[in-house]
Amino acid sequence: MTWSHADKAWPTRGLSYGADYNPEQWDKDVWREDVRLMSQAGVNLVSLGIFSWGLVEVADGEFHWDWLDEIVDLLGEAGIAIDLATPTAAPPGWLLAAHPGIRPLDHDMQPHWPGARLGWCPSSPVFRTYALRIVRALADRYGHRDHVVMWHVSNELGGGNGRCHCDTSAAAFRDWLRRKYGTLDALNKAWGTAFWGHTYRDFAHIIPPRGNDMKNPSLVLDFDRFSSDELLAHYLAERDVLKSVTPELPVTTNFMVGAEPDVVDYPRWAPHMDIVANDHYTRSSDPVPEQDVAFSGDRMRAMTTQRRPWLLMEHSTSAVSWQPRNRAKTPGELIRNSLSHVGHGADGVLFFQWRASRAGAEQFHSAMVPHAGEDSELYRDVCTLGRYLRRLAPVMGSRAPRARIGIVFDDEAGWAMSKGVKPNNHLAYGRIVRDWHHAFWRLNQSIEVLPPWSDYTGYEVLVVPALFLTDDDTAARVSAFAEAGGTVAVGFLSGVVDEHDQVRLGGYPGAFRELLGASCEEFRPLQEGETFTLDNGWSGTEWTELVRVHDAEVIARYAGGHLGGRPAITSRSLGAGGRAVYVSAGLDSDALLALARSLVDPAGVADVPRGVEVLVRRNEEETFTFFINHADDTAVVAALGREMLTDEAVGGELRVPAGEVRVVRSGTAG
Ligand code: GAL
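Residues numbered from 1 in each chain as written. Predicted model: local features only at pLDDT ≥ 70, side-chain atom pairs only at ≥ 80, totals over all residues. Heavy atoms only, no water.

### Structural notes on the overall build of the protein
Heads up, the condition is: A helix here means a DSSP run of H or I that spans at least four residues, while a strand means a run of E at least two residues long, and both kinds are numbered starting from the N terminus. Think of it in three bands: with a 1.4 Å probe and only protein chains considered, a residue is buried below 20% of the maximum accessible area for its type, exposed above 50%, and partly exposed in between. By the convention used here, residues are in contact when the closest approach between their heavy atoms is within 4.5 Å.
Regarding its fold elements, the protein presents 17 helices and 27 strands. In terms of principal-axis extent, the alpha carbons of the protein reach across some 75 × 75 × 45 Å. The proportion of buried residues among the 670 residues of the protein is 58%. For the protein, the share of sequence-separated contacts (at least 6 apart) that also reach a separation of at least 24 residues comes to 71%.

### Some details on the sheet that holds strand 7 (residues 251-252)
Operational definition: In this scheme, strands are said to pair when DSSP sees at least two bridges between them.
Taking strand neighbours across the sheet as the criterion, the nine strands line up as 7-6-5-2-1-11-10-9-8 in an open arrangement whose pairing is parallel. Single-partner strands in this sheet number two, and they are strand 7 and strand 8 (254-255).

### Looking at the site of the ligand
Where we set the bar: Consider each residue's heavy atoms; a residue with any of them within 4 Å of a molecule or strand counts as near. Counted as a polar contact is a pair of N or O atoms within 3.5 Å, where, for protein atoms, one must be capable of donating a hydrogen and the other of accepting one, and residues adjacent in sequence contribute only when both atoms are in side chains. Using a 1.4 Å probe, accessible areas were evaluated by the Shrake-Rupley method; residue-level cover was limited to the displayed protein chains. For this classification, Asp, Glu, Lys and Arg are treated as charged, while Ala, Val, Leu, Ile, Met, Phe, Trp, Tyr, Cys and Pro are nonpolar and the rest, including Gly, are polar.
All residues in the neighbourhood of the ligand are listed as Phe51, Arg117, Asn155, Glu156, Asp279, Tyr281, Glu314, Trp322, Phe352, Glu362 and His365. The separation between an oxygen atom of the ligand and a polar side-chain atom of Arg117 is 2.7 Å. Here an oxygen atom of the ligand sits 2.8 Å away from a polar atom, N or O, in the side chain of Trp322. For the ligand, whose free accessible area comes to 310 Å², the fraction covered by protein is 93%. Across the shell around the ligand, the residue classes tally to four nonpolar, two polar and five charged.

### Regarding unusual backbone geometry
A cis geometry characterises the amide bond from Phe352 onward to Gln353, with omega recorded as -5 degrees. With respect to the element layout, Gln353 can be found in the loop between strand 11 (346-351) and helix 12 (377-391). Along the chain, Tyr508 connects to Pro509 via a cis peptide bond; the corresponding omega equals -15 degrees. Following the sequence through the fold, Pro509 ends up in the loop between strand 15 (487-491) and helix 16 (513-516). Phi at Trp196 takes a positive value of approximately 60 degrees, unusual for a residue other than glycine.

### Structural notes on the packing of helix 1 (residues 28-41) against helix 3 (residues 66-77)
Here is the rule: The axes are straight lines fitted to the C-alpha atoms, using for helices just the contacting stretch, and the angles between their N-to-C directions are given from 0 to 180°. Any angle that is under 35 degrees is reported as roughly parallel, and any over 145 degrees as roughly antiparallel; angles of 65 to 115 degrees are reported as roughly perpendicular and all others as oblique. Handedness of a helix crossing follows the sense of rotation of the near helix relative to the far helix, less than a right angle counterclockwise being left-handed and clockwise being right-handed.
The geometry of helix 1 relative to helix 3 is characterised by a closest axis approach of 10 Å and an angle of 25 degrees between their N-to-C directions. With respect to helix 3, the axis of helix 1 lies roughly parallel. For the pair helix 1 and helix 3, the sense of crossing is right-handed. Note on element contacts: helix 3 touches helix 1 through Trp67, Glu70, Ile71, Leu74 and Leu75, opposite Lys28, Trp31, Arg32, Val35 and Met38.

### Describing a nonpolar patch on the surface
Note the threshold: Residues enter a patch when their relative accessible area is above 30% and they make no salt bridge; the linking distance is 9 Å between like charges and 5 Å between nonpolar side chains (Val, Leu, Ile, Met, Phe, Trp, Tyr). We define a salt bridge as a contact between a side-chain nitrogen of Lys or Arg and a carboxyl oxygen of Asp or Glu at a distance within 4 Å.
A surface patch of nonpolar side chains, about 500 Å² in accessible area, is lined by Phe195, Trp196, Met214 and Val421. Tracing the chain through its elements places Phe195 in the loop between helix 7 (184-191) and helix 8 (217-245).

### Here we look at the pairing of strand 6 (residues 148-152)
Counting buried positions along strand 6 gives five out of five residues, so the element sits mostly inside the fold. Two elements, strand 5 (residues 81-85) and strand 6, share four bridges in a ladder whose sense is parallel. Pairing of Asp83 across the sheet is with Met150, part of strand 6. As paired strands, strand 6 and strand 7 are joined by two bridges and run parallel to one another. Across the sheet, residue His152 finds its bridge partner in strand 7, namely Thr252.

### A word on the sheet that holds strand 15
Ordered by their spatial adjacency, seven strands build an open sheet running 13-12-14-15-22-21-20, and the pairing between neighbours is mixed. Both outer strands of the open sheet, strand 13 (447-450) and strand 20 (553-557), are each paired with one neighbouring strand and no more. Each adjacent strand pair in this sheet contributes to an overall mean axis angle of 15 degrees, direction not counted. The pairing of strand 15 with strand 22 (residues 579-583) spans five bridges and is classified as parallel. Looking across to strand 22, one finds that Gly491 is bridged to Val583. On the sheet, helix 14 (residues 429-442) packs against strand 12 (405-408), strand 13, strand 14 (461-464), strand 15 and strand 22 and is oriented at approximately 175 degrees with respect to strand 12.

### Examining the domain arrangement of the protein
Quick reminder of the rule: Note that the domain bounds reflect an automated or database-derived domain assignment. Using a 1.4 Å probe, buried area is obtained as the accessible area two parts lose upon being combined, added over both of them.
The domain architecture assigned to the protein consists of domain 1 (3-166 + 228-394), domain 2 (405-604) and domain 3 (612-666). Taking only C-alpha atoms into account, the centre of domain 1 sits 37 Å from that of domain 2. In total, domain 1 and domain 2 occlude about 2000 Å² of area from one another, counting both sides; carbon and sulfur atoms represent 56% of this. Of all residues in domain 1, Pro261, Gln291 and Phe295 bury the most surface against domain 2, accounting for 29% of the area lost on that side.

Next up, the structure:
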């Protein structure tokens, strides 16, 4: 096998296919079997060494490379490329014993005990020194091996050490605040510290949000921002060491992008990645897990420059092992999920993990090779997927066209909304955004879930759901989008506070009041089980407001109750055909669907059978249309070109069997 450095912008020549590979859990005879099965399944990339620090550096400065040398060679001989991980997610026992001060402390100052992973404080200089030493040693030893094609920094940074409250972190937080605010006066003003007489007279008096009592939300928000920056600084420190040895190799780390506010601010991290990579796991309790797959893909695409391909670093072949009841995937779901990620812009599909563990905390997690072994439906599906990905190789590098719908999603807004006391403490930011996404997804609209600072030009509809924290720049650009002819839908609890988490006065949603021509005098959150009905028949739960209209048309009013006759949904027309719709109530999913339908141009609503998801990627010559049939019946869709998985000509109509995927390749017009 010859390896070409010229190909290293993307780690593999075809679409990447593989998994986290943890050979250290197995005897060497299993390694040979692994490599045989990997070749049979079409695996071309594995993430190696993720948790191997304690097995390589067995004592302070004492390195044992033999086993890793051997497996690196074995993979190379089999033509399997390596995404080599720095092992810093798993600090060894000797390091934690010698330096217990590196452990992160939670808000009650309880340490993260050894036995799990990511048990280190991101601000600890001691940890950083040891971490960079092993990173350097690894890079020197393997960085110039031809089949080491990418670096995988640590693992899910922040998952375990996302917020550390120790004294080292406190000191780093104060430095961060000094850099941000310059003076205590500026900080006191931004945080509104006169409340409860908390005015700071010395930076040394500022401590992270320890304990459980009610904190100043502005302090909590800045601590969240600081914590994200500290972990990014760690990533950058590792990356710089790797780049100093192998400037040509891509460096990444695996994000955990889904529908919840992230533990760190991934959209702000993404520009520092050579390849943006994600781990995505569906929830057993989720009634529509395929929409969660779509949501994460729609976020990932918006995080890469101009919708460049991204890498699915981890997902599961079947059940995970960390939920209360771990649902096994249904027939075809493994392939549907994987190809949905590809349809959403991934140029590679990797799993956690290659072979299901016998021992350890994740012994009942699914893998590409299950406990049952090679003779299993699951492994046969894994081989089928490998074949499919080889047939889909021409898709590589193609991109989704600009989506029609932009939905604004912001970690800072999510953090601000979900921490501290709020009018309804049961509202979840991610759930609200996902409900909006669900409505447009059911209409088969192309969607990007984007950070607020994105360029909004080109979308047909811009949705701003629960953007609780909105800065002036975002507010101005949302207004400009509507003034230029776009349709904006602002959801309740948007634009309530500014970037310091201080309420915008004069009526909610302060940042969008003028644009909407309507405002809210008082929030009227509902109690559990309470519902409302509007005069157009729509209904909902959880949230209502006392809304006053200044310069807008009322689309729907409350049909009864103490808000009877009052506006719930308003619309203001702007020049150039733009409009700004305010949705001040918590609509249920049917109402949101009806509303979404009223916002999009009917000509752009594809006529496909219910349950079929349509995704498009294209390059200059060709268009690739993915049809994913989530339904129980065969669907017939209109298509023209060549089907890539079955290699059949498609002359106008294509049958997509229940639960299966078809991908049609055709010329890109114009
Ligand atoms: C991921 C993690 C993997 C594995 C997996 C199980 O979050 O990166 O190492 O634990 O979850 O689903």
